[in-house]
Amino acid sequence: MLEALSWFIAIEALGILALPAAFVLFKRLPDRGFTLAKPAAMVFFSYVLWVLGLSHIAPNTQLTVVLILLVAAIPSAYLFRRVLPEFKDFVKDHWPALVLAEVLFIGFFLMWLGIISEAAAINHTEKPMDFGFMNAVLQSRFFPPEDPWLSGNSISYYYFGHFMMAFLAQLTGVTSSVGYNLSVALVPALVAMGAFGLVYNLVRLSGGTRMSGMVFGGAAPALILLAGNLEGAMEFVHLQGWGSSGFWEWVGIKELTGAETGSGGFPDGHLWWFRASRVIDTLSGGQSLDYTITEFPIFSFILGDLHPHVMNLPFVILGLGLCLNLFQSPERLGLSWLKAHPVEAAAIALFIGSLAFINLWDFPVIAAMLAAVALVKAYGDHDGRMTLAARDAAVIVVPVLVLAVILFLPFYNGFDAPTSGILPLRDVNTRPFLLFLVLGLFILLAVSFLFRQLTSLKRPSDDDSSAAVLIMVVALTPFLAWVGLAFFMTWIDDGTQAAFSEIGGRTILVVPGLALVALAGFSAMQRARLKLEPVTAFPLLLAGLAFYLIVGAELFYIVDQFGGGFRRMNTVFKTYYQAWLLLGIVSSYGLYYLWSARSTLKTSAQISRVLRGGRYLWAGAVAVLLVASFYYPVGAVQDRTGILDDSHTVADNTLNGLAFLQQPAPGEYAAIEWLRDAAPWGRMVEAVGDDYSDYGRISSSTGLPTILGWKGHELQWRSSAASFQGREEDVEAIYTSNDSQEVRRLLNNYDVRYVYLGSRERQSYGGENLANFGEFLKTAFEQDGVIIYEMFQPTADNK
């Protein structure tokens, strides 16, 4: 566990280095950026390394990383000295919250280290891909890194999250197979600290006490990271044998149909907890017509993928923190604000711009939040004059977002978007019951907050007309666009009656959601104009954005390689994941708001009794949903780790994601270590096989690019097969041809240095021909049936 300790020390050191700058940057927040310093440091220092590597100014080495930090320590120390008196007062006043934030960070880090050590293997789902990207960064002397599964091509995907984790691995010297799992543990720790800080800041800015901020701030990581969706409760109901076959057919969750067995209150079916990530679907004869992914954070962390949507969670919170900090600015927005705060504007651009490089789906969401925050603040600054507010907001938002793109232009230049447009959704939709299973607890809390805050608003007047018009335009524009497109397309395909039926049926589903969007937006704008607890406008905007995302997935879908019954799989996947985070924050703050406003209504005794009964009913419903939400994580962790099994032992626990190979495939394990740690850099070739299989493991585990890895993934990343057409046949020829000239030509064409021959190569091709090519291949490694041939090198090694 020394690797975990060094990892922890490294992230703490980064946070300390960034703390003085965060203290100044987030000067309007009660926690002064303490809970955001770590992710901010990761983005900033990684960005510096990336730029140095892109420009070939400095190589990607541990020495370069250390020098970056040493240079940064000088201005950091100077800045800290300048703010030291203020910092001492801050710590004296806020130390309990700072300690709790750090305890949450350490606690979640240790908890996930324990869980991951029980299931560390990097051998399933998207893990090999994520591992490959991380290794590719570590193997790169300069940037951009080469695609480990398509040699000669740079990575065509958003990989900055993997880059930041590789930065930490480079800094600490931890091997990537351990660093991968340390990264998986780090993400929830950063989310826990950041979510706590964001809600703590909202509560304190709303006039709440320090204790209230700590209590309800502590609820945020519990709801966001530990709660499961309500499909877990359905697993329990199913396990008890409750409900007829007709009922379960109506529920419509795959595999939740027959009798289930279980012990200790949880199902025994293999990976039963995976079903919770595939709730929303339309089934016909057991076949999916609307297959979607409904992941949520604890599922992601139990699964252990280090995928962009997971890694970006703490950095999305960082972006929200920047938006809140801007919202609290006492100065009016506009050109004068930009001139007075150029560093803050640049920081917003850098940190929000990085979101696209980590997970492109999150950039437009936080950009929209930035625009909404700026507009609402400017609307309040100008006392409801919408034209002036729009002008000042645009003066801030447009240049910041333009700079956010410019800062990461090298990424965009090398990125081949796998999407081809947006189309209106027809024929399928999300059933309300399934939406309830996925987000029911959060929706209840967010809607309760939305309606409760109405009591402190003023009756709408003519002064609210511009805000009302704007909100209606924002809420209705996508719906009206969908109506026009869907009606026309359905009329062409199926006739007038089907077109009206499509429009009418979906209108019933989406109008309530759009009403919530409008309610949240209008409330935020009136609060800003009239200065009615104006900070409450921020969680209202979060709620409106979350409901906008949910409704949006019912109107349109992003066109990608997945068609037919899978056409909106990724749209629901990404928007619901974002909505989970946003609603989790809103729910935590909403609990505070509902608690603090519980006795403010003045009513008659009879009405008070009715309201008291309603509160008890509401509290009971929330309590039931909370209990139901925490059934899933307990059972899923137990099933994933087996920690409660009689045969369980901690003796085999490890953080080494490749340890699963040591006994069944010692030669492969040793070969990976040799290629990764000892061999000079060079391109390689290994067998080509199916995605989500053992194929591509050597390149993924070492970061050395192979001729072709997972074909399906390359097709997703590059939108066509043109860039790897013929490569699979060339790999086969290398392992099967007895023509030495042909094999040599192919190896030279792909600049291959290493030819890997293991069990998969023998199974797929044979590979006996390679021993006959001694004139240009030599045996560089051999152990336990694995041979690595190396091309004779005419020049010095160059990484």
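Computed from a predicted model, the values in this text were never measured in an experiment.

Each value, and the rule that gives it
Residues numbered from 1 in each chain as written. Predicted model: local features only at pLDDT ≥ 70, side-chain atom pairs only at ≥ 80, totals over all residues. Heavy atoms only, no water. Helix = DSSP H or I, 4+ residues; strand = E, 2+ residues; numbered from the N terminus. Rg over C-alpha atoms; globule rule 2.2 N^0.38 Å. Buried < 20%, exposed > 50% of the residue type's maximum accessible area, 1.4 Å probe, protein only. Contact = heavy atoms within 4.5 Å. Areas by Shrake-Rupley, 256 points an atom, 1.4 Å probe, with all protein chains shown as cover. Lys, Arg positive; Asp, Glu negative; His and termini not counted. Charge placed at Lys NZ, Arg CZ, Asp CG, Glu CD. Pairing = 2+ DSSP bridges. Axes fitted to C-alpha atoms, helices over the stretch in contact; angles between N-to-C directions. Core = buried A, V, L, I, M, F, W, Y, C linked by side-chain atoms within 4.5 Å. Salt bridge = Lys/Arg side-chain N within 4 Å of Asp/Glu carboxyl O. Phe/Tyr/Trp six-rings, centres within 6.5 Å; stacked < 30°, edge-to-face > 60°. Lys NZ or Arg CZ within 6 Å of the ring centre and 35° of its normal. 1 Å grid on protein atoms, 1.4 Å probe; cavity = no way out; pocket = protein on both sides within 12 Å on 5 of 7 lines; lining within 4 Å. Points joined across faces, edges and corners; volume = space filled by probe spheres on them. Nonpolar A, V, L, I, M, F, W, Y, C, P; charged D, E, K, R; others polar. Patch = residues over 30% accessible without salt bridge, like charges linked within 9 Å, V, L, I, M, F, W, Y side chains within 5 Å. Polar contact = N/O pair within 3.5 Å; in protein donor to acceptor, adjacent residues only side chain to side chain.

1. A closer look at the overall build of the protein
Thinking step 1. Scanning the protein from terminus to terminus reveals 30 helices and 10 strands.
Thinking step 2. In terms of overall dimensions, the protein is globule-like: its C-alpha atoms have a radius of gyration of 28 Å, near the 28 Å expected for 799 residues.
Thinking step 3. Of all 799 residues assigned to the protein, the portion counted as buried reaches 58%.
Thinking step 4. Considering only contacts within the protein whose residues lie at least 6 apart along the sequence, 77% involve residues at least 24 apart.
Thinking step 5. Approximately 31000 Å² of the protein is accessible, and the part contributed by carbon and sulfur atoms is 62%.
Thinking step 6. Charge centroids of the protein, computed over 51 positive and 65 negative side chains, lie 15 Å from each other.

2. Overview of the environment of Val 731
Thinking step 1. Considering the arrangement of structural elements, one finds Val 731 in helix H28 (residues 727-736).
Thinking step 2. Val 731 sits in the buried class, given a relative accessible area of 0%.
Thinking step 3. Along the sequence, Val 731 and Pro 399 sit 332 residues apart, while their C-alpha atoms lie 48 Å from each other.
Thinking step 4. Among residues more than four places away in sequence, those in contact with Val 731 are Val 685, Glu 686, Val 688, Ile 707 and Tyr 765.

3. A word on the sheet that holds strand E9 (residues 777-783)
Thinking step 1. In spatial order, the strands read E7-E8-E10-E9; together these four strands make up an open sheet with mixed pairing. Strands with a single pairing partner mark the edges of an open sheet, and in this sheet they are strand E7 (683-685) and E9. Averaged over all pairs of adjacent strands, the angle between their axes in this sheet comes to 25°, without regard to strand direction.
Thinking step 2. Inspection of the sheet shows E7 paired to strand E8 (residues 752-757) by three bridges, in the parallel sense. Considered in E8, the bridge of Val 685 is made with Val 755.
Thinking step 3. Strands in contact with helix H25 (residues 666-678) are E8, E9 and strand E10 (786-791); relative to E9, the strand with the most contacts, it is inclined by about 125°.

4. Some thoughts on unusual backbone geometry
Thinking step 1. Cis geometry marks the peptide bond from Phe 143 to Pro 144; its omega dihedral reads 5°.
Thinking step 2. With respect to the element layout, Pro 144 can be found in the loop between helix H4 (127-139) and helix H5 (160-172).
Thinking step 3. A positive phi is found at Asp 427, a non-glycine position, where the angle reads about 75°.
Thinking step 4. Positionally, Asp 427 belongs in the loop between strand E5 (421-424) and helix H18 (432-452).
Thinking step 5. We note that Asp 751 has phi near 55°; this positive angle belongs to a residue other than glycine.
Thinking step 6. Mapped onto the fold, Asp 751 is located in the loop between helix H29 (740-749) and E8.

5. Quick look at the nonpolar core
Thinking step 1. Membership of the largest hydrophobic core comes to 267 residues, with the highest contact counts inside it found for Met 42, Leu 186, Phe 547 and Leu 747.
Thinking step 2. Counting residues per element, this core draws most heavily on helix H6 (residues 176-205), at 19 residues.
Thinking step 3. One finds Ala 486, Ile 503, Val 551 and Leu 555 within the second-largest nonpolar core, a separate group that totals nine residues.

6. With respect to the pattern of salt bridges
Thinking step 1. Within this structure, the stated rule accounts for 26 salt bridges.
Thinking step 2. The partner of Asp 677 in a salt bridge is Arg 676, and the shortest N-O contact between them spans 2.8 Å.
Thinking step 3. Measuring nitrogen to oxygen at the nearest pair gives 2.8 Å for the salt bridge that ties Glu 714 to Arg 718. Of the two residues, Glu 714 and Arg 718 both sit in helix H27 (residues 711-718), four residues apart, roughly one turn of that helix. Assigned by exposure class, Glu 714 and Arg 718 land together as buried.
Thinking step 4. A network of salt bridges, in which partner residues are shared, links Glu 668, Asp 694, Arg 697 and Arg 760.

7. A short note on the packing of aromatic side chains
Thinking step 1. Evaluated as defined, the whole model comprises 62 aromatic pairs.
Thinking step 2. Between Phe 573 and Tyr 577, the aromatic rings sit 6.5 Å apart at their centres with planes inclined by 90°, giving edge-to-face as the arrangement. Taken together, the positions of Phe 573 and Tyr 577, both in helix H22 (residues 569-596) and four residues apart, correspond to about one turn of that helix. Pair check on accessibility: Phe 573 and Tyr 577 agree, each one buried.
Thinking step 3. The side chain of Arg 32 reaches across the aromatic face of Phe 23, ending 3.7 Å from its centre.

8. What to know about empty space enclosed by the protein
With a probe scaled to a water molecule rolled over the atoms, the places where space remains empty come into view.
Thinking step 1. Within the structure shown, the criterion is met by four cavities of 30 Å³ or more.
Thinking step 2. Space inside the largest cavity adds up to approximately 120 Å³.
Thinking step 3. Every residue lining the largest cavity is counted, 14 residues in all, and those nearest its centre are Val 316, Asp 362, Lys 574, Tyr 577 and Gln 578.
Thinking step 4. Elements supplying a minimum of two residues to the lining of the largest cavity: helix H12 (313-327), helix H15 (362-381) and H22.
Thinking step 5. With five residues, the single largest contributor to the lining of the largest cavity is H22.

9. Quick word on the layout of surface pockets
Thinking step 1. Looking at the second largest pocket, its volume works out to about 680 Å³.
Thinking step 2. What lines the second largest pocket is a set of 26 residues, and nearest its centre among them are Ala 21, Ala 22, Leu 25, Val 343 and Ala 347.
Thinking step 3. Looking at the lining of the second largest pocket, the elements with two or more residues in it are helix H1 (2-25), helix H2 (37-54), helix H3 (62-118) and helix H14 (342-358).
Thinking step 4. The element that contributes the greatest number of residues to the lining of the second largest pocket is H14, accounting for seven residues.
Thinking step 5. Its residues placed into classes, the lining of the second largest pocket shows 21 nonpolar, two polar and three charged.

10. Here we look at a nonpolar patch on the surface
Thinking step 1. A cluster of nonpolar residues, Val 398, Val 402, Leu 403, Ile 406 and Leu 409, forms a patch on the protein surface that exposes about 390 Å² of accessible area.
Thinking step 2. Among the structural elements, Val 398 can be located in helix H16 (residues 386-406).
Thinking step 3. A relative accessible area of 49% places Val 398 in the partly exposed class.

11. As for the environment of Asn 135
Thinking step 1. Relative to the helices and strands, Asn 135 resides in helix H4.
Thinking step 2. When the C-alpha positions of Asn 135 and Gly 114 are compared, they lie 24 Å apart, and in sequence the two are 21 residues distant.
Thinking step 3. Beyond its immediate chain neighbours, meaning those up to four positions away, Asn 135 contacts Ser 176, Arg 676, Ser 700, Ser 701, Thr 702 and Gly 703.

12. Description of the side chain of Arg 527
Thinking step 1. With respect to the helices and strands, Arg 527 occurs in helix H20 (residues 496-530).
Thinking step 2. In this structure Arg 527 comes out as buried when scored by relative accessible area, which is 0%.
Thinking step 3. A distance of 2.9 Å separates a polar atom in the side chain of Arg 527 from the backbone oxygen of Gln 453.
Thinking step 4. What Arg 527 contacts, discounting residues up to four positions off in sequence, is Gln 453, Ser 456, Leu 457, Leu 532, Glu 533, Pro 534, Thr 536, Ala 537, Leu 540 and Tyr 593.

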